[in-house]
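Analysis of the macromolecular model
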2 protein chains.
Amino acid sequence: MDILFEHVTAVTMDEASPVLEDAFVLVSGRKIVSVTRQEPEHFKGRRISGQNKVLMPGLVNAHTHIPMTLLRGYADGYDLQTWLNDYIFPAEAQLTERAVTAGTYLGLAEMIASGTTSFSDMYYFCDRIAQAAAAAGIQANICRAVISFDPEYRFETDQAGIELRELKERWHGYDEGRIQIEASIHGEYTSHEKVWRAVAGYAREHGLGMHVHVSETKKEHEECIARSGLTPAQTLDRAGVWDTRAQAAHCVWVSEEDLELFARKKVTAVHNPVSNQKLASGIAPVPAMLRQGVNVALGTDGVASNNCHDLFGEMKSAALIHKAATLDPTVIPALEVLKMATAGGNAAQGRNGGRIEAGMDANLILLDFDKPHLTPCHSVVSNLVFAARGSDVVLTMVRGKVLYEKGEWKTIDLDAVMHEVRNYAVPKILGRL
Amino acid sequence: MDILFEHVTAVTMDEASPVLEDAFVLVSGRKIVSVTRQEPEHFKGRRISGQNKVLMPGLVNAHTHIPMTLLRGYADGYDLQTWLNDYIFPAEAQLTERAVTAGTYLGLAEMIASGTTSFSDMYYFCDRIAQAAAAAGIQANICRAVISFDPEYRFETDQAGIELRELKERWHGYDEGRIQIEASIHGEYTSHEKVWRAVAGYAREHGLGMHVHVSETKKEHEECIARSGLTPAQTLDRAGVWDTRAQAAHCVWVSEEDLELFARKKVTAVHNPVSNQKLASGIAPVPAMLRQGVNVALGTDGVASNNCHDLFGEMKSAALIHKAATLDPTVIPALEVLKMATAGGNAAQGRNGGRIEAGMDANLILLDFDKPHLTPCHSVVSNLVFAARGSDVVLTMVRGKVLYEKGEWKTIDLDAVMHEVRNYAVPKILGRL
């Protein structure tokens, strides 16, 4: 059935005029059909009132590890090595397909309710992640990261390589491209040149995207330079890793030269401001990224280092922290942050989206602005970035289908998910089952 | 009527064991009467189920300018001087008592719904702020800031001095101390020694608290040193400003010596991490404050530089930013942040509170944890600081009275407030009325 949002404040993200007041946005099938100030004639279908509501493009979470939702707030407050070695890795070692499915659905419920319509994920058990994303109706770019220190590494026989090929066969392009599979090197510091060349070659050959952790910590960045005289970004470049559409997650310690490289090769830098603060990785040079013309997207990173999937919080953090770091209140205005979370994320994923205009996929979220904390509304864009929360989302639509509306998930049985998380998945990872 | 929270997870903030599972918290009159693991016998009154809910002490917003809620998101993205001189000051010049009342009620509705049970405010038209706070049932410490460059300044005839004395007579101690009036010097850079001595003397004489902006910007801090060879904190100390219970707001650029002084004189540093980032003031040395034993409280600052009153966002920001600034993930653990927003705020205000224990005032908030973004719950404290949002609050109680429950304000006519804000106060400050 066609859907008409009527009399709505539409954040179209149009370059010249990003906000259209009192608009009519018509959705048919998976597409936005028209965006007008006049009511379309002879409309038959469902009407959704936009009174005191804001319609905007769905948010893209361009870097996360969704099964880690099971580890929300687990062992916070330790130093990184203790946290990883004594808590996170042992818990992950207990994971089963069933637990991953539960954690994925939990993360999907959270994402969809807080306005995320697409996400890029890097983890294991990717077939289960793809299954859940497919069933939930969200868009997803999913990759299985390769980690290998084996000098005899062969892509053909490596477990991650085998899984990547299986994933590609089964899921890449599923449901008119709603699910995409990407190649992934976990990071420069967790593999070597033979791995990089093989995985990058496979990605190029099959037109797949690439997803890599880059210069997240100072240690990782400096150790690479000490080893090779080159930064991680430059090292991976020599192996052809950036010669396909690519997402470089974190980029906290990248150099100006790295950013020139990313701009030239059209690599997206995925900014994770909350995780970078929580893990004490540092503050990424996002103003320099924008100056150099690098595409920037936003990600929450795994919930274990956030501790939530709410991209509204991520947007606020992205808008705030660089002002403090540079002592310049004009850097990265709110509209720029909104672009990162919409058009920036779509470009990162190789999707055409992030604006409300005819012909675009109808990935839309509706927010209720009739609330004290969003009143007055001198600027819709400022209110979205600095005052809105994921809980203000009252409707989430992906490709024309309503996935969430007013506290109800249409494609996820939330009670069953919560039961499975509490009674199976959490006891399992804690070694109590 | 007595109220019993039953089978609730109580964040008592007890030093040895801050979280008590499956607790019974009994409230009678304005007090918490008992906190037990056993159900009290013969209870007659209202029972509130605590199943999947968390009860914690109400949050204290220790530095704001509540009528500025009318300026939410107004003229964001300019440099500080343009923002102030071309937008904020001209809008404030249009304020009337009626507009201040509307803005105050709007801010109160937001605060109360997001779990704030007490606030410290510095602004003008303070009688109107006190009236609204009194009617809404919240606790408030209210001060009228003195700004004066007049060399002939006399406290007796100065307008701010007259207002302070009137406020004290009318409101100080109102409703068993629910409303308190404090003395205030706006800042070292907006007045001079004659002012400081007079206002500090009045505060000491009448046992009033003191509220001052201190070293918010680098410029303010360094210009004071250039003028006098002393920091703002030291300069004000020489005039006796810290010889009463005092709140020093911001403290972004304070020195180690300033913090020694604050620890010795028991001055509270009020940390405003969001505002300090948004206005590009910098990052306050909160780890050093805690090391020196300074009491730290949290504030949102005015909504024009935040842009909301949600202390859950403020807690998350306080827990995050110092990890990035120090590159140490263990600084300021979540529980420490929770203390700032509860016991720290109470101490700042000269109130006895911030814990759930028998004999304390029943300033309590209840959060619904039966939600995807708060599941699983490996740590209640981590979830509160890193994953909860103001919108998770389902009940706010001040001194035993329920002010807010499940979307309903009991003491504020929200529709009337929203109407007045939209149709009178906002057009007025924008010069359209």
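Quick caveat: nothing in here was measured; it's all calculated off a predicted structure.

1. A closer look at the overall build of chain A
A count of helical and extended segments in chain A gives 15 helices and 17 strands. Scaling as 2.2 N^0.38, a compact globule of 433 residues should have a C-alpha radius of gyration of about 22 Å, and chain A matches this with 21 Å. Across its three principal axes, chain A shows a C-alpha extent of roughly 65 × 50 × 45 Å. Within chain A, the fraction of its 433 residues that count as buried is 65%. Of the roughly 14900 Å² that chain A leaves accessible, carbon and sulfur atoms contribute 48%. Across chain A, the centroid of the 43 positively charged side chains sits 2 Å from that of the 54 negatively charged ones.

2. Notes on the state of the cysteines
Applying the stated rule across the entire model yields zero disulfides over all chains. The cysteine C224 of chain B is free of any disulfide, with C251 of chain B supplying the nearest cysteine sulfur at 13 Å.

3. Considering the pairing of strand 16 (residues 401-405) of chain B
All names here are of chain B. Of all five residues in strand 16, four are buried; the element is thus mostly enclosed. As paired elements, strand 15 (residues 393-398) and strand 16 share four bridges and run antiparallel to each other. The partner of L395 across the bridge, within strand 16, is E405. Remark: two residues form the turn of the hairpin made by strand 15 and strand 16, two consecutive strands paired antiparallel; R399 in that turn has positive phi of roughly 50 degrees. Where strand 16 and strand 17 (residues 408-409) come together, two bridges link them in antiparallel fashion. Paired with Y404 across the strands is W409, a residue of strand 17.

4. Concerning unusual backbone geometry
Residue N307 of chain A is bonded to the preceding N306 of chain A through a cis peptide linkage, with omega at 10 degrees. The topology assignment puts N307 of chain A in the loop between strand 13 (296-298) and helix 12 (311-326). Here the residue pair T375 of chain A and P376 of chain A is connected by a cis peptide bond, since its omega of -5 degrees sits within 30 degrees of zero. Of note, P376 of chain A is situated in the loop between strand 14 (364-368) and helix 14 (380-387). Although it is not a glycine, D175 of chain A adopts a positive phi angle of roughly 55 degrees. Positive phi, close to 85 degrees, is recorded for H250 of chain B, a residue that is not glycine.

5. Regarding the domain arrangement of chain A
Residues and elements named next belong to chain A. You can read the domains of chain A as domain 1 (3-57 + 355-409) and domain 2 (59-348). A straight line from the C-alpha centre of domain 1 to that of domain 2 covers 28 Å. At the junction of the two partners, domain 1 supplies 27 residues and domain 2 supplies 28 residues. Taken as a group, V385, F386 and R399 account for 26% of the area that domain 1 buries against domain 2, more than any other trio of residues on that side.

6. Let's talk about the sheet that holds strand 12 (residues 268-271) of chain A
The strands making up a sheet associate through backbone hydrogen bonding, with each pair oriented either parallel or antiparallel. All names here are of chain A. Pairing in this open sheet of eight strands is parallel, and the strands run 6-7-8-9-10-11-12-13 from one edge to the other. The strands lining the two open edges of the sheet, one partner per strand, are strand 6 (59-64) and strand 13. Looking at each pair of strands side by side, their axes are set apart by 25 degrees on average, direction ignored. Against the sheet, helix 2 (residues 97-113) touches strand 6 and strand 7 (116-123), its axis set at about 145 degrees to strand 7.

7. Quick word on the pattern of salt bridges
All chains considered together, the criterion is met by 54 salt bridges over all chains. Across the pair D310 of chain A and R389 of chain B runs a salt bridge, and its minimum N-O distance is 2.7 Å. Pair noted here: D310 of chain A is in the loop between strand 13 and helix 12 and R389 of chain B is in the loop between helix 14 (380-387) and strand 15, and the two residues belong to different chains. For the pair formed by D310 of chain A and R389 of chain B, the shared burial category is buried. A network of salt bridges, in which partner residues are shared, links R30, K31, E176, D361 and R399 of chain A.

8. Overview of the nonpolar core
Generally speaking, nonpolar side chains in soluble globular proteins are found buried as a group. If you look at the biggest cluster of nonpolar residues, it comprises 123 residues, and the most contacted ones within it are M210, V241, W242, F262, M289, F312 and L384 of chain B. The dominant element in this core, judged by the number of residues it contributes, is helix 2 (residues 97-113) of chain B, at 10 residues. Looking at which domains feed residues into this core, each of domain 1 (3-57 + 355-409) and domain 2 (59-348) of chain B gives three or more. When sequence neighbours within four positions are dropped, the list of residues in contact with F262 of chain B reads V214, A233, W242, A248, C251, V254, V267 and V294 of chain B. Formed by 122 residues, the second largest nonpolar core is a distinct cluster that contains M68, I179, V380 and V393 of chain A.

9. Some details on the interface of chain B and chain A
At the junction of the two partners, chain B supplies 62 residues and chain A supplies 62 residues. Summing both sides of the interface, chain B and chain A together bury roughly 4500 Å²; the carbon and sulfur share of this comes to 65%. Summed over the shared surface of chain B and chain A, the result is 19 residue pairs in polar contact (both at pLDDT 80 or more). Secondary-structure elements contributing two or more residues to the side of chain B that touches chain A are helix 2, helix 10 (273-278), helix 12 (311-326), helix 14 and helix 15 (414-429) of chain B. Among the residues forming the side of chain B that touches chain A, the class breakdown is 30 nonpolar, 19 polar and 13 charged.

10. Some remarks on the side chain of S120 of chain B
All names here are of chain B. Summarising the element assignment, S120 is placed in strand 7 (residues 116-123). A polar contact of 3.0 Å, which involves the side chain of S120, links it to the side chain of Q349. Not counting residues up to four positions away in its chain, the partners in contact with S120 are N61, A62, H63, T64, N141, H211, Q247 and Q349.

Rules used in this analysis
Residues numbered from 1 in each chain as written. Chains lettered and ligands numbered in written order. Predicted model: local features only at pLDDT ≥ 70, side-chain atom pairs only at ≥ 80, totals over all residues. Heavy atoms only, no water. Helix = DSSP H or I, 4+ residues; strand = E, 2+ residues; numbered from the N terminus. Rg over C-alpha atoms; globule rule 2.2 N^0.38 Å. Buried < 20%, exposed > 50% of the residue type's maximum accessible area, 1.4 Å probe, protein only. Areas by Shrake-Rupley, 256 points an atom, 1.4 Å probe, with all protein chains shown as cover. Lys, Arg positive; Asp, Glu negative; His and termini not counted. Charge placed at Lys NZ, Arg CZ, Asp CG, Glu CD. Disulfide = S-S within 2.5 Å. Pairing = 2+ DSSP bridges. Domains from an automatic or database assignment. Contact = heavy atoms within 4.5 Å. Buried area = accessible area lost by both parts, 1.4 Å probe. Axes fitted to C-alpha atoms, helices over the stretch in contact; angles between N-to-C directions. Salt bridge = Lys/Arg side-chain N within 4 Å of Asp/Glu carboxyl O. Core = buried A, V, L, I, M, F, W, Y, C linked by side-chain atoms within 4.5 Å. Polar contact = N/O pair within 3.5 Å; in protein donor to acceptor, adjacent residues only side chain to side chain. Nonpolar A, V, L, I, M, F, W, Y, C, P; charged D, E, K, R; others polar.

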